[in-house]
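Here is what each chain is made of, one letter per residue.
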Amino acid sequence: MTTGDQRTLTIGAASGTASGVPRQGVAPQPESESTPRQGLSIPVDPASPKAGVEGPEVRLRRLAGVAVWALVLVLAGVASAIVGLFKVFGSGPDWFTPAFISVGVVGMLLAMMAFATVRFRGVPWMFMAASSVTLLAAFAMLRLA
């Protein structure tokens, strides 16, 4: 199939058959309201965009910025997780383990939401800032425990 031809799916009223034969060199004729229809004819254009997918496009600079910020958060988060692991299995207080794990999970969810909303202008930066706040909270918990 070439990209320039248009296919028409025709379903006959009497026979119930369908044929997908390319129509070449034939311009589509507009149908008037008074013309009776025989069967069902649906033009199928393979180059048409899918309905409901329209919206703002992803800017690669924004995606790269969010990815770099997430990389910094991951590296700092791994460092805090290693120290936190020693606190969890060592002599940390009872409140530390659930609080530290909860803050880490919330921070990861916020970073994932930043990637999910990267097509919008300011939203991913708000999610990344909130994720950074959770990392700072994890560092504060390490200091307190």
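In this text the structure is predicted, and so the values were computed from the model without any measurement.

**Examining the overall build of the chain**
When helices and strands are tallied, the chain shows 3 helices and 3 strands. Counted from the first residue to the last, the chain has its helices and strands arranged as β-β-β-α-α-α. Across the 145 residues that make up the chain, the buried fraction comes to 18%. For the chain, the proportion of contacts with a sequence separation of at least 24, taken over those separated by at least 6, is 66%. Entry remark: accessible area of the chain is about 10,700 Å², with carbon and sulfur atoms responsible for 67%.

**A closer look at the packing of aromatic side chains**
This model, assessed by the stated rule, comprises 3 aromatic pairs. Note on W69 and W125: the rings are 6.0 Å apart at their centroids and 20 degrees apart in plane angle, and the pair reads as stacked. Pair noted here: W69 is in helix 1 (residues 60-89) and W125 is in helix 3 (residues 123-144), with a separation of 56 residues, a long-range link. Ring geometry for W95 against F96: centres 6.0 Å apart, planes inclined by 75 degrees, an arrangement best described as edge-to-face. For F96, a relative accessible area of 0% gives the class buried. Here the aromatic cluster, defined as three or more aromatic residues joined through ring pairs, consists of W95, F96 and F100.

**Comments concerning the environment of D94**
Relative to the assigned elements, D94 resides in the loop between helix 1 and helix 2 (96-116). Considered as a pair, D94 and A145 are 51 residues apart in the sequence and their alpha carbons are 9.6 Å apart.

Rules and cut-offs
Residues numbered from 1 in each chain as written. Predicted model: local features only at pLDDT ≥ 70, side-chain atom pairs only at ≥ 80, totals over all residues. Heavy atoms only, no water. Helix = DSSP H or I, 4+ residues; strand = E, 2+ residues; numbered from the N terminus. Buried < 20%, exposed > 50% of the residue type's maximum accessible area, 1.4 Å probe, protein only. Contact = heavy atoms within 4.5 Å. Areas by Shrake-Rupley, 256 points an atom, 1.4 Å probe, with all protein chains shown as cover. Phe/Tyr/Trp six-rings, centres within 6.5 Å; stacked < 30°, edge-to-face > 60°.

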